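Spelled out, the chains give:
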Amino acid sequence: MAEYGMIKVETRGKVGLVTLDRPAALNALCDQLMTELGQALKGFDADPAVGAIVLTGSEKAFAAGADIKEMKDRSFPAVHFEDFIGNKWETVLTIKKPVIAAVAGFALGGGCELAMMCDLIIAGENAKFGQPEIKLGIIPGAGGTQRLIRAVGKSKAMDLILTGRMMDAAEAERANLVTRVVPVESLLEEAVKMAGVMASYSLPSVAMAKEAVNAAYEMTLREGVRFERRLFHSLFATEDQKEGMSAFAEKRKPDFRNA
Ligand SMILES: CC(C)(O)CC(=O)SCCNC(=O)CCNC(=O)[C@H](O)C(C)(C)COP(=O)(O)OP(=O)(O)OC[C@H]1O[C@@H](n2cnc3c(N)ncnc32)[C@H](O)[C@@H]1OP(=O)(O)O
């Protein structure tokens, strides 16, 4: 397992676990942390022993946003021509295996945006979500204006982005930003359990299910349904489809080989 300075990486059964670990700065997402996160996510995606990934932070903070101190003196040409935020922040979107964000404490600015780039969010009861960039004289720059509205609708997205206020876990669940709220003490266990269920299925079908759902962000309904149908048909070329359906007919547990 690779050694990192600002994240911790381990496996729990078939689940890859990445923990953001920069406590002195509430896991502020500096360049080094984002580089390490990208490497760890790609490593788990390439690891055949891993079927799903959990991304988490500390009890106090999932992540308090991009590192303000690191970016405060940057100029327009610097951020524009280097494509600041850009691809490096979007590595999580390229991961084929499911990625669950397990969020306790602050998920603000880039922290909220990073959680929204994951496939789903489970929140601890103390979680606080927000896009406070407006208080810094900027706007969200890692997809917050686009993903938040798709999750919570226009009124609440405008409310959060234009006031910069925080939303607690209960409100985030009511607004459909998170799938489930659990006690902070059991957050990781619940997230790893859910990831373990996903990892127990055939990887090609899990990866295609994820791809099809995410495609709904980009496609019309007609295009999306056609895309889904193509993926659905292609799964009949896998051994795992034969195994899954044979196991059902023979009343036994399937033995998926990810093939
Ligand atoms: C990605 C983009 C493009 O969308 C842009 C962004 O993400 S901009 C950043 C958006 N996030 C914020 O504006 C949140 C900033 N942080 C806070 O408002 C507060 O820290 C808090 C409400 C999250 C927590 O407050 P508190 O409990 O009082 O702790 P602090 O003493 O403020 O913080 C402890 C320590 O962490 C440092 N810190 C916190 N957040 C950041 C950050 N985003 N960047 C850099 N450093 C951060 C804070 O400065 C403290 O460190 P010291 O100054 O004591 O060394």
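So, here is what we can say about the structure in this document. (Residues numbered from 1 in each chain as written. Predicted model: local features only at pLDDT ≥ 70, side-chain atom pairs only at ≥ 80, totals over all residues. Heavy atoms only, no water.)

1. Description of the sheet that holds strand β8 (residues 128-130)
Sheets are built from strands that pair by backbone hydrogen bonding, the pairs being arranged parallel or antiparallel.
Right, on to step 1. Read from one edge of the open sheet, 4 strands run β4-β6-β8-β9, paired in mixed fashion. The open sheet has two edge strands with one neighbour each: β4 (61-63) and β9 (166-168). Along the sheet, successive strands turn relative to each other by an average axial angle of 20°, direction set aside.
Right, on to step 2. The pairing of β8 with β9 spans 3 bridges and is classified as antiparallel. Paired with Gly130 across the two strands is Met166, which belongs to β9.
Right, on to step 3. The sheet strands contacting helix α5 (residues 110-117) are β4, β6 (106-108) and β8, and the helix crosses β6 at an angle near 90°. (Pairing = 2+ DSSP bridges. Helix = DSSP H or I, 4+ residues; strand = E, 2+ residues; numbered from the N terminus. Axes fitted to C-alpha atoms, helices over the stretch in contact; angles between N-to-C directions. Contact = heavy atoms within 4.5 Å.)

2. Here we look at the pattern of salt bridges
Right, on to step 1. According to the stated counting rule, one finds 15 salt bridges in the structure shown.
Right, on to step 2. Connected through salt bridges with shared partners, the residues Lys156, Asp159, Arg165 and Glu171 form a single ionic network. (Salt bridge = Lys/Arg side-chain N within 4 Å of Asp/Glu carboxyl O.)

3. Remarks on the pairing of strand β3 (residues 52-56)
Side-chain positions along a regular strand alternate between the two faces of the sheet.
Right, on to step 1. A large share of β3 lies buried, amounting to 5 of its 5 residues.
Right, on to step 2. A two-sided burial pattern is seen for β3, the buried positions comprising Ala52, Val54 and Thr56 on one face and Ile53 and Leu55 on the other.
Right, on to step 3. Of the strand pairs in this sheet, strand β2 (residues 15-20) and β3 are connected by 5 bridges, and their pairing is parallel. Paired with Gly16 across the strands is Ile53, a residue of β3.
Right, on to step 4. Sheet analysis places β3 next to strand β5 (residues 99-103), joined by 4 bridges and oriented parallel. Note on β5: the bridge partner recorded for Ile53 is Val99. (Buried < 20%, exposed > 50% of the residue type's maximum accessible area, 1.4 Å probe, protein only.)

4. Considerations on the site of the ligand
Right, on to step 1. Around the ligand, 25 residues are found, and the nearest of them are Ala66, Lys69, Gly110, Glu113 and Glu133.
Right, on to step 2. Contacts to the ligand include Ala24, whose backbone N or O atom sits 3.4 Å from an oxygen atom.
Right, on to step 3. In this structure, an oxygen atom belonging to the ligand sits 2.8 Å away from a main-chain N or O atom of Gly110.
Right, on to step 4. Against a free-state accessible area of 1000 Å², the protein chains account for coverage of 66% of the ligand.
Right, on to step 5. At 3 residues, the largest contribution of residues to the shell around the ligand is made by helix α2 (residues 68-71). (Near = heavy atom within 4 Å. Polar contact = N/O pair within 3.5 Å; in protein donor to acceptor, adjacent residues only side chain to side chain. Areas by Shrake-Rupley, 256 points an atom, 1.4 Å probe, with all protein chains shown as cover.)

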